[in-house]
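# Analysis of the macromolecular model
Residue strings, one per chain:
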Amino acid sequence: MTIDYESQRNWDPQTQAVRGATVRSQFDETNEAIFLNSGYVYKSAEEAEGAFNQDIDRFVYSRFGNPTVTMFEQRLALIEGADQCKAMGSGMAAVFAALASHLSAGDRLVASRALFGSCQYICEDLLPRFGVTTELIDGRNLEEWERALSKPANAVFLESPSNPGLEIIDIPAVCELAHNAGALVFVDNVFATPELQKPLEFGADVVIYSATKHIDGQGRCLGGAVLGTQSFIEDVVTPFIRHTGPALSPFNAWVLLKGLETLSLRVDRHCNSAMSIATHLSKKSGINRLLYPELESHPQHDLAMRQMTRGGTVVAFELEGGKERAFAFLNKLRIIDISNNLGDAKSLICHPATTTHQKLSDEDKERVGIRPGFVRLSVGLESEDDLIADLDQALAN
Ligand SMILES: *Cc1c(COP(=O)(O)O)cnc(C)c1O
């Protein structure tokens, strides 16, 4: 258990991704071991007592600590450049644990309106039941942030780029306003991945991932993570998860740990193909509004390129002809699958208005650009040429 994390912090992220935080057992295995177990044994009653009063640093119970889960947490913390990380069973468990462990009745939360559906439920429905006041605003508009943060607040929650409209939020500017209002900034960084955007460098306090997406990236398991300062993770998040139990399975942690090894290679390939596909689609007729942050036509292209190294893995566009045309297009695709997941090796497409964002009112859909012809394409790792050919044949009448 003696890892020299400080020297590993100086490694290049790709070396961290392959070797960071590896702990070998007494069998000297090459690959990280799966410790698929719930409990641990003590050599003596005294050792058990010491473990429980935290005089002895050791694993006690897998609800709050497991060697394989710890390897995943420490490796992701190294890559993200965060002090510490806590893993959870899903991205939503991570979002909820991060916010609920920090907020109390009477607190104020300000969030951007363009959120993943379940994040919106937590902010708008669930937390208010426990006495938190939530204000949702247009995250693209700095004046709205200024107005909302002219009063004291306790937390700011945002997603950039947003799902599915690929809206970009000025993270450094919002962090400054939030800190002046007394709030911690929580960034759901799923769409950017640890490869393309580092919110902590822009002043954010907490970064949250659904590891289900690009970190696994191969459609195998759910997982989530919360990253932040040592005091936030140890004093705020850890007691919350220790006593409420959103633990990540050691098996899933192992899958995600292996996912980290190839994350940067995969994200690079996803981005190259997404850029080619977006460029190709931008020349086609029948498409009204094509959104890809790396294309100059994206309304917030300059901001996106200040914060992100690439445009991301998702391309969104609106087909002329509304829902009927969008459904016909989806149904004609032969390679690209219809699925609400994203960040996968397989290219996946969805119609947000009738699936992921079905529950939004028509007014809210319009506000975040989810119109009847709007589709979201998560570009996979197949041949770019095959994907373009598939899109072309499905677009042809
Ligand atoms: C998928 C997703 C989540 C939720 O993650 P799960 O692992 O599915 O629970 C949260 N935020 C964003 C932006 C997502 O895309």
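Residues numbered from 1 in each chain as written. Predicted model: local features only at pLDDT ≥ 70, side-chain atom pairs only at ≥ 80, totals over all residues. Heavy atoms only, no water.

### Comments concerning the sheet that holds strand S5 (residues 184-188)
Put simply, the rule is: Between any two strands, pairing holds if DSSP finds at least two bridges. In this description a helix means any DSSP run of H or I spanning at least four residues, a strand means any run of E spanning at least two, and both kinds are numbered starting from the N terminus. Geometry is summarised by axes, namely lines fitted to C-alpha atoms with helices restricted to the contacting stretch, and by angles between N-to-C directions that run from 0 to 180 degrees. Every residue pair with non-hydrogen atoms within 4.5 Å of one another is taken to be in contact.
Taken together, 7 strands build an open sheet; the order of strands is S1-S7-S6-S5-S4-S2-S3 and the sheet is mixed. Strands at the two margins of the open sheet, each flanked by one partner only, are strand S1 (84-88) and strand S3 (133-137). Ignoring strand direction, the axes of neighbouring strands in this sheet form an average angle of 20°. Bridge analysis of strand S4 (residues 155-159) against S5 gives 5 bridges, and the strand direction is parallel. When the sheet's bridge partners are listed, glutamate 159 is paired in S5 with aspartate 188. Lying on the sheet, helix H6 (residues 117-129) is in contact with strand S2 (108-112), S3, S4 and S5; it crosses S3 at an angle near 150°. Where helix H11 (residues 230-244) meets the sheet, it contacts S1, S5, strand S6 (206-210) and strand S7 (224-228), and its direction lies at approximately 20° from that of S1.

### Side note on the packing of aromatic side chains
Our working rule: Each aromatic pair joins two rings of Phe, Tyr and Trp (for Trp, the six-membered one) with centres within 6.5 Å, and gets the label stacked for planes under 30 degrees apart, edge-to-face for over 60, and tilted for any other angle. Each residue is assigned to one of three classes by its accessible area relative to the maximum for its type, calculated with a 1.4 Å probe on protein chains only: buried under 20%, partly exposed between the two thresholds, exposed over 50%.
Summed over the entire model, instances satisfying the criterion amount to 6 aromatic pairs. Ring geometry for phenylalanine 96 against phenylalanine 240: centres 6.1 Å apart, planes inclined by 70°, an arrangement best described as edge-to-face. Taken together, the positions of phenylalanine 96 in helix H5 (residues 91-102) and phenylalanine 240 in helix H11 put the pair 144 residues apart, joining distant regions of the chain. The class for phenylalanine 96 is partly exposed, based on a relative accessible area of 28%. On the basis of an interplanar angle of 70° and a centroid distance of 6.0 Å, the ring pair of phenylalanine 317 and phenylalanine 329 is categorised as edge-to-face. Of this pair, phenylalanine 317 sits in strand S9 (residues 314-319) while phenylalanine 329 sits in helix H14 (residues 322-332); the two residues are 12 residues apart in sequence, bridging distant segments of the chain.

### Looking at the packing of H5 against H11
What counts is decided by this rule: Angles are sorted into four bins: roughly parallel if under 35 degrees, roughly antiparallel if over 145, roughly perpendicular if 65 to 115, and oblique for all others. Polar here means any residue other than Ala, Val, Leu, Ile, Met, Phe, Trp, Tyr, Cys and Pro, which are nonpolar, and Asp, Glu, Lys and Arg, which are charged; Gly is therefore polar.
At a closest axis distance of 9 Å, the pairing of H5 and H11 adopts a crossing angle of 110°. When the axes of H5 and H11 are compared, the pair comes out roughly perpendicular. Residue-level inspection shows Phe96, Ala97, Ala98, Ala100, Ser101 and His102 of H5 in contact with H11, the latter providing Phe232, Val236, Val237, Phe240 and Ile241. Classifying every residue of the contact of H5 with H11 gives 9 nonpolar, 2 polar and no charged.

Note that every value here comes from positions in space, so none of it alone points to a role or purpose.
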